[in-house]
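# Understanding the architecture of this molecule
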Amino acid sequence: QVQLVESGGGLVQPGGSLRLSCAASGFTFSSYVMSWYRQSPGKGRELVAIIGTSYTNYADSVKGRFTISRDNAKNTVYLQMNSLKPEDTAVYYCNAQRSAVLNYWGQGTQVTVSS
């Protein structure tokens with residue numbers, strides 16, 4: 001059974017930091033491209049960061065502030081978020097994809113940036 005379990009969300013002040021984690025099970029983690037998406041009220045889900053076997057890529061809005069990483073030994077992907085802004089407030093989702101069919105989502109974790 002495939003599972004993606006996000007953790008690490010919460011309430012943080014502007015300028016603060018959070019580290020999200022996504023623990024994966026039920027599939028061959030190292031063979032999948034892992035991504036973080038986010039969705040805020042009234043908006044569609046947007047790609048925040050993606051990590052493959054040898055590359056990473058980021059949305060322009062988070063470049064220089066967020067860092068995605070993975071630990072294949074722990075089947076976990078991380079999103080380090082620094083210099084957080086109120087506009088980063090959203091539900092953050094972990095995604096694992098290998099093909100159009102092999103595409104899995106976590107349940108999401110809320111990140112709120114507010115003073």
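Heads up: these notes are all about the structure in this document. Note that the structure is a prediction, hence the values are computed from the model and not measured.

### Observations concerning the packing of aromatic side chains
A complete count under the given rule lists 5 aromatic pairs for this structure. Measuring from centroid to centroid gives 6.5 Å for F27 and F29, while their planes differ by 40°, and the two rings are tilted. Given a relative accessible area of 13%, F27 falls into the buried group. Judged by its relative accessible area of 1%, F29 falls in the buried class.

### Description of the sheet that holds strand β3 (residues 18-25)
Sheet strands associate in pairs through backbone hydrogen bonding, adopting either a parallel or an antiparallel arrangement. Pairing is antiparallel across the open sheet formed by 4 strands, whose spatial order is β1-β3-β8-β7. Of all the strands in the sheet, the pair left with one neighbour each is β1 (3-7) and β7 (66-71). The mean inter-strand angle of the sheet, taken between neighbouring strand axes irrespective of direction, is 15°. Pairing analysis gives 6 bridges linking β3 to strand β8 (residues 76-81), with the strands arranged antiparallel. From the neighbouring strand, L20 faces β8, where its bridge partner is L79.

Calculation rules
Residues numbered from 1 in each chain as written. Predicted model: local features only at pLDDT ≥ 70, side-chain atom pairs only at ≥ 80, totals over all residues. Heavy atoms only, no water. Phe/Tyr/Trp six-rings, centres within 6.5 Å; stacked < 30°, edge-to-face > 60°. Buried < 20%, exposed > 50% of the residue type's maximum accessible area, 1.4 Å probe, protein only. Pairing = 2+ DSSP bridges. Helix = DSSP H or I, 4+ residues; strand = E, 2+ residues; numbered from the N terminus. Axes fitted to C-alpha atoms, helices over the stretch in contact; angles between N-to-C directions.

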